[in-house]
Amino acid sequence: MAHFEEGTTLDRFLMETMRAHPGATGHLLTLLKQVALAGKLCSSRVQRAGLAGMLGAAGGMNIQGEFVQKLDIYANETFKRALEHAGVCCMIVSEEDDGAVFIPPEFPVGDYIFSMDPLDGSSNIDTNASIGTIFAIHRRVSEGRDGTMADVLRPGRELVCAGYIVYGAGTVLVISTGKGVHGFTLDPTVGEFFLSHREMRLTAATRSYSCNEAYAAQWDPRLQEWLTRQKAPELGWSARYIGSLVGDFHRNLVKGGVFLYPPTAKAPKGKLRMLYEAQPLAFLAEAAGGAASDGVMPILDKVPTTLHERTPLYIGNSEAVSEIVWALAGDEGPPSGQWTRRG
Ligand code: P6P
């Protein structure tokens, strides 16, 4: 992999990364450039969301007489429109669509399946908290024009690429094709993403946790005990929680931290979705040297059985994730050998 200087544009990074793969067709590069375009459009709309009065409240009409869509619907349509004509996808899976979305007959198909949460955390938009788009990209295993369930109901280890775009104080696109995680910050004055976070890494240890503690009494008592132990003053742990997965994950990737969303009474299988939240973020976490588990096994080894399947999620620095898995496993220890116990 070439050594990229800060300030390298996303396009240059993608082109030079593609050149490092002689067999590359350029289709993944095209797909990611369309993702970046959709991200710019969403960033612009999110930044102006507070002007609903001027632009018209969601569902209303704006000053140009245009119908104003809810932001998550806008994001969903924007990413689908950016991808459907490019001849790089054969299916799109979205949190906003019950079923898989296929490429309209007037456009060619390609070998990739794009799964996305188009605007995760959108309930936070009126608080100006960070929200974002999370995406996962599989290469198809099926034949024929339309993708099939076999193309996406697979372990996350088979992803070819994953990433997110966080719309916060700045707009940052974070992406990995499995080797290395890199972040690109949008300069809205020129409409370009520039390399700003080269080789993002999660160190083994952290002393920061991220969870909605209001539900802690509903957790497995062994997890409650683990968290109580971490809060001992001499350990110096801190808590950070935005309530927007992309914002919480991005902070943890930049500064270190472990994010927990255990099963609760309201979400007995966990709240977060496998295909377009847990798998892509687990792909990024492992590519950055971290870990992600459902409390028993690595997220990337789980095989989802439905498009919108939920899962418990523990993700971030590897030691903290391992300790959580060991805490939940009790004395016999976790079934898979991956989880080393510290100390
Ligand atoms: P809670 C946002 O609604 C979301 O889907 C994720 O982005 C976030 O991590 C989680 O829900 C927050 O859930 O129960 O803490 O509000």
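Peer 1: Which residues make up the pairing of strand E4 (residues 161-167), and what values do they have?
Peer 2: With seven of seven residues buried, E4 lies mostly within the body of the structure. Neither face of E4 is exposed, since Cys161, Gly163, Ile165 and Tyr167 on one face and Ala162, Tyr164 and Val166 on the opposite face are all buried. Of the strand pairs in this sheet, strand E3 (residues 131-139) and E4 are connected by seven bridges, and their pairing is antiparallel. Along E4, the bridge assignment pairs threonine 133 with isoleucine 165. Across six bridges, E4 lies against strand E5 (residues 171-176) in antiparallel orientation. Within E5, the position partnered with tyrosine 164 by the bridge is valine 174.

Peer 1: Any details on the nonpolar core? Residues and values, ideally.
Peer 2: If you look at the biggest cluster of nonpolar residues, it comprises 39 residues, and the most contacted ones within it are Leu31, Phe79, Phe114 and Ile137. Top contributing element to this core by residue count: helix H2 (residues 27-47), with nine residues. The residues touching phenylalanine 114, leaving out its near neighbours within four places in the chain, are Leu31, Val35, Phe79, Leu83, Cys89, Met91, Ile92, Val93, Phe135, Ala136 and Ile137.

Peer 1: Talk me through the packing of aromatic side chains; I want residue IDs and the actual numbers.
Peer 2: Summed over all chains, the structure comprises seven aromatic pairs. Plain terms: the ring middles of phenylalanine 13 and phenylalanine 184 are 5.0 Å apart, the flat faces sit at 65 degrees to each other, and that makes the pair edge-to-face. With phenylalanine 13 in helix H1 (residues 10-19) and phenylalanine 184 in strand E6 (residues 182-187), this pair connects stretches of sequence that are 171 residues apart. With a relative accessible area of 0%, phenylalanine 184 lands in the buried category. Summarising the aromatic geometry, the rings of tryptophan 226 and tryptophan 237 are spaced 5.8 Å apart at their centres and angled 85 degrees between planes, so their arrangement reads as edge-to-face.

Peer 1: An account of the sheet that holds strand E14 (residues 313-316) is requested, with residue identities and associated values reported.
Peer 2: Strand order across the open sheet formed by five strands is E9-E8-E10-E14-E12, with mixed pairing between neighbours. In the strand order of this sheet, the two ends are held by strand E9 (238-239) and strand E12 (291-293), each with one partner. With three bridges connecting them, E12 and E14 associate as antiparallel partners. From the neighbouring strand, alanine 292 faces E14, where its bridge partner is isoleucine 315. Those strands touched by helix H8 (residues 318-329) are strand E10 (258-261), E12 and E14, and its axis lies near 150 degrees from that of E14.

Peer 1: Tell me about the site of the ligand, and please be specific about residues and values.
Peer 2: Around the ligand sit Asp120, Gly121, Ser123, Asn212, Tyr215, Tyr241, Gly243, Ser244, Leu245, Phe259, Tyr261 and Lys271, and that is every residue in its neighbourhood. A distance of 2.9 Å separates an oxygen atom of the ligand from a polar side-chain atom of asparagine 212. For the ligand, an oxygen atom lies 2.7 Å from a polar atom in the backbone of leucine 245. Burial of the ligand by the protein chains amounts to 82% of its free accessible area of 400 Å².

Peer 1: Please give an account of the environment of leucine 260 that cites residues and values.
Peer 2: As for its placement among the helices and strands, leucine 260 is situated in strand E10. Placed 47 residues apart in sequence, leucine 260 and glutamate 213 show a C-alpha to C-alpha distance of 9.7 Å. Those residues in contact with leucine 260 that lie beyond four places of it in its chain are Tyr209, Ser210, Cys211, Leu223, Trp226, Leu313, Tyr314 and Ile324.

Peer 1: So what's going on with the sheet that holds E5? Which residues, and what values?
Peer 2: Spatially, E1-E2-E3-E4-E5-E6-E7 is the arrangement adopted by the seven strands of the open sheet, whose pairing is mixed. The outermost strands of the open sheet, each flanked by one partner alone, are strand E1 (89-94) and strand E7 (192-197). Recorded for the sheet is a direction-independent mean angle of 20 degrees between the axes of neighbouring strands. Sheet topology places E5 next to E6; four bridges connect them, and they run antiparallel. The residue of E6 that forms the bridge with isoleucine 175 is histidine 182. Against the sheet, H2 contacts E1, strand E2 (112-120), E3, E4, E5, E6 and E7, and its axis sits at roughly 15 degrees relative to E4. Most of the contacts of helix H6 (residues 245-255) go to E4, to which it runs at about 105 degrees, and overall it touches E2, E3, E4, E5 and E7.

Reading guide: rules and limits
Residues numbered from 1 in each chain as written. Predicted model: local features only at pLDDT ≥ 70, side-chain atom pairs only at ≥ 80, totals over all residues. Heavy atoms only, no water. Buried < 20%, exposed > 50% of the residue type's maximum accessible area, 1.4 Å probe, protein only. Helix = DSSP H or I, 4+ residues; strand = E, 2+ residues; numbered from the N terminus. Pairing = 2+ DSSP bridges. Core = buried A, V, L, I, M, F, W, Y, C linked by side-chain atoms within 4.5 Å. Contact = heavy atoms within 4.5 Å. Phe/Tyr/Trp six-rings, centres within 6.5 Å; stacked < 30°, edge-to-face > 60°. Axes fitted to C-alpha atoms, helices over the stretch in contact; angles between N-to-C directions. Near = heavy atom within 4 Å. Polar contact = N/O pair within 3.5 Å; in protein donor to acceptor, adjacent residues only side chain to side chain. Areas by Shrake-Rupley, 256 points an atom, 1.4 Å probe, with all protein chains shown as cover.

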